[in-house]
Amino acid sequence: SEIGGSRIIDVHPIDKPVAELVSQKMYRIEEIRSDELKLDEEEALIPVAHYQKIMHNTFGVPFLLKLKDGERISAIKGRIQSLLDISEKELDKWSFTIVSGVQSPVIISEENDDQLLLNHFNIFPAKG
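Residues numbered from 1 in each chain as written. Predicted model: local features only at pLDDT ≥ 70, side-chain atom pairs only at ≥ 80, totals over all residues. Heavy atoms only, no water.

(A) Fine view of the overall build of the protein. For the protein, the helix and strand inventory stands at two helices and nine strands. Taken across its 128 residues, the protein has 30% of its residues classed as buried. Considering only intrachain contacts with a sequence separation of at least 6, the fraction spanning at least 24 residues in the protein is 54%. A total accessible area of about 8900 Å² is found for the protein, and carbon and sulfur atoms account for 53% of it. (Helix = DSSP H or I, 4+ residues; strand = E, 2+ residues; numbered from the N terminus. Buried < 20%, exposed > 50% of the residue type's maximum accessible area, 1.4 Å probe, protein only. Contact = heavy atoms within 4.5 Å. Areas by Shrake-Rupley, 256 points an atom, 1.4 Å probe, with all protein chains shown as cover.)

(B) A look at the pattern of salt bridges. According to the stated counting rule, one finds five salt bridges in the structure shown. Between Lys66 and Glu43 there is a salt bridge, and its shortest N-O distance comes to 3.8 Å. Taken together, the residues span a long stretch of sequence, with Lys66 in strand β5 (residues 58–68) and Glu43 in strand β4 (residues 43–51) at a distance of 23 residues. Under the relative-accessibility criterion, Glu43 is labelled buried at 14%. When the shortest N-O distance is used, the salt bridge between Glu71 and Arg79 registers 3.0 Å. (Salt bridge = Lys/Arg side-chain N within 4 Å of Asp/Glu carboxyl O.)

(C) The arrangement of a nonpolar patch on the surface in detail. On the surface, a cluster of nonpolar side chains totalling about 330 Å² of accessible area is made up of Ile14, Ile32 and Leu37. Among the structural elements, Ile32 can be located in the loop between β3 (26–27) and β4. A relative accessible area of 42% places Ile32 in the partly exposed class. (Patch = residues over 30% accessible without salt bridge, like charges linked within 9 Å, V, L, I, M, F, W, Y side chains within 5 Å.)

(D) Highlighting the side chain of Glu71. As for its placement among the helices and strands, Glu71 is situated in strand β6 (residues 71–72). Those residues in contact with Glu71, other than ones at most four positions away along the chain, are Lys66, Ile76, Arg79, Asp114, Gln115 and Leu116.

Here it is as C-alpha cells:
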C-alpha cells in the first residue's frame, strides 16, 4: 500500500517489482489476511484510517478491510474490534465516518445498524 498522511493512497499489484516503486514515497507492506485473499464481485477492500476530532488529521497505521456490499455496521465494527484487539468499552468511544474523495463526509449512525454499500467508498480494484 502507498501511504500518505496515515492514509492509504493506492494499492499496488502483488507482482510489482520493488525497484519500480518511487523512492520518494512511503509504502507499507503487509500480509494479506486469509479471508481477504479472494474477493467476490460484491466484496471490496476499503481503506481504514484512525482520526481524532478532525477527520483529515489521521494518525496511526492505516489498513485495508474487506467489506461486503450491504454488510451491517455492527458486523463491520465487530471485525474491526477483533482485528485491532480492543475492548467493547474502547470501541464504544469511537465514531465511524465514510470519507470518500471530494464528497462530504458521512458520519455513520449505529442506532439503525444500517447496511453499508460499496458505492459509498473509494475502492481499490483487485490488481493481482
